[in-house]
Each structure stands twice: as structure tokens, then as C-alpha cells.
Amino acid sequence: MSKLAKMISLMGLSVGMITAPAVAARSDTDTQHVANALMAGDYVGAEARIAALGLKDSSDPVMLINLGNAYAGMGRKADAQIAYKAALNSSEEIDLDMADGSVRSSREVAEVALNRLGTSFAGR
């Protein structure tokens, strides 16, 4: 896997992360375009890019977290919760190199995102 740096802004978390591609269904460029849209505050554009890639219903935790970020940015809290819960429950778990040098699992990042939304994930 390449270590192409991609900054992904987690809504309300003030955390950036660097990720490597998780599935063949998306490329580094795809992830970078989504990350750029999120960082620019273009949440509608980020959601549209994820939809165009056919990844809205995927099990890719990175894209699901990004989708949750886009929804949260648009104020669509319920949709953000669904996306974050899907990332949390994904059969795939990815280690993410965080901007601060730490490593967190995609599940941990999804849990933090849910907590920031004020969502309990006890029912997962």
C-alpha cells in the first residue's frame, strides 16, 4: 500500500489523518478529492464524489467516515450517525496514521466521531 498522504478533516474532531487506500474500489486520487472537498468545506461536493464512486453503501470504513463527515458538515446528524455506525461495524478495520503521529483504528475514529455527535453506540 502506498503511503500517499491524504488529509481528512473529521468534522468536530479537529483531527487530521493520513490514510492509505483500503479497497480497490477507490484510488488515492479518489480519496484525495474527497478529503480536499471536506477540508474546503464543500460537504455537498464530498458527498457527491463518494456517491459517484458508488461507495455510499460500501463497507469501506475510510469512505464511510468521510461520508459521515460530509453529512455532519451539512447538519445532517442522523445521516452522519448512520455512516459512522457503518464504519464502526464494518468487517474491515484499518489502522490510520494520525496527524499527531499516533495510530488509531478506523473503529476508534468512528467511535470518537459518534461521541462528538452526542451519539451512544451502545446499541451497535
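For the structure, check the block above.
Presented here is a report on the structure given in the accompanying data block. Only a predicted model underlies this, so the values are computations on that prediction, with no experimental measurement involved.

### With respect to the overall build of the protein
Okay, so step 1: In terms of regular secondary structure, the protein is built from 5 helices and 3 strands.
Okay, so step 2: Just so you have it, the protein exposes about 5,700 Å², and 51% of that area is on carbon and sulfur atoms.

### Quick look at the side chain of Asp60
Okay, so step 1: For Asp60, the location among the structural elements is in the loop between helix 2 (43–52) and helix 3 (61–73).
Okay, so step 2: With relative accessibility at 1%, the residue Asp60 sits in the buried group.

### Describing the nonpolar core
Okay, so step 1: Counting residues in hydrophobic clusters, the biggest one holds 26 residues, and the most contacted among them are Val34, Leu38, Ala46, Ile50, Ile65 and Tyr84.
Okay, so step 2: Elements with a minimum of two residues in this core: helix 1 (28–39), helix 2, helix 3, helix 4 (77–89) and helix 5 (106–116).
Okay, so step 3: Element by element, the count of residues in this core is highest for helix 3, at 7 residues.

### Quick word on the packing of helix 3 against helix 4
Okay, so step 1: The contact between helix 3 and helix 4 brings their axes to 8 Å, and the two run at 165 degrees. Classed by the angle they form, the pair helix 3 and helix 4 counts as roughly antiparallel. As for how helix 3 packs across helix 4, the hand of that crossing is left-handed. Facing helix 3, whose interface residues are Pro61, Leu64, Ile65, Leu67, Gly68, Asn69, Tyr71 and Ala72, helix 4 presents Asp79, Ala80, Ala83, Tyr84, Ala86 and Ala87.

### Brief notes about the side chain of Ser105
Okay, so step 1: When you line up the elements, Ser105 lands in strand 3 (residues 103–105).
Okay, so step 2: Classification of Ser105 by relative accessible area gives buried; the value is 14%.
Okay, so step 3: Not counting residues up to four positions away in its chain, the partners in contact with Ser105 are Glu93, Ile94 and Asp95.

### Remarks on the pattern of salt bridges
Okay, so step 1: Under the defined criterion, the tally for this structure stands at 4 salt bridges.
Okay, so step 2: A salt bridge links Asp79 to Arg76; the shortest N-O distance between them is 2.9 Å.
Okay, so step 3: According to the relative accessible area criterion, Arg76 is partly exposed, its value standing at 32%.
Okay, so step 4: One salt-bridge network, in which partners are shared between bridges, spans Glu47, Arg76 and Asp79.

Cut-offs applied
- Residues numbered from 1 in each chain as written.
- Predicted model: local features only at pLDDT ≥ 70, side-chain atom pairs only at ≥ 80, totals over all residues.
- Heavy atoms only, no water.
- Helix = DSSP H or I, 4+ residues; strand = E, 2+ residues; numbered from the N terminus.
- Areas by Shrake-Rupley, 256 points an atom, 1.4 Å probe, with all protein chains shown as cover.
- Buried < 20%, exposed > 50% of the residue type's maximum accessible area, 1.4 Å probe, protein only.
- Core = buried A, V, L, I, M, F, W, Y, C linked by side-chain atoms within 4.5 Å.
- Axes fitted to C-alpha atoms, helices over the stretch in contact; angles between N-to-C directions.
- Parallel < 35°, antiparallel > 145°, perpendicular 65-115°, else oblique.
- Left-handed = near helix turned anticlockwise from the far one by under 90°.
- Contact = heavy atoms within 4.5 Å.
- Salt bridge = Lys/Arg side-chain N within 4 Å of Asp/Glu carboxyl O.

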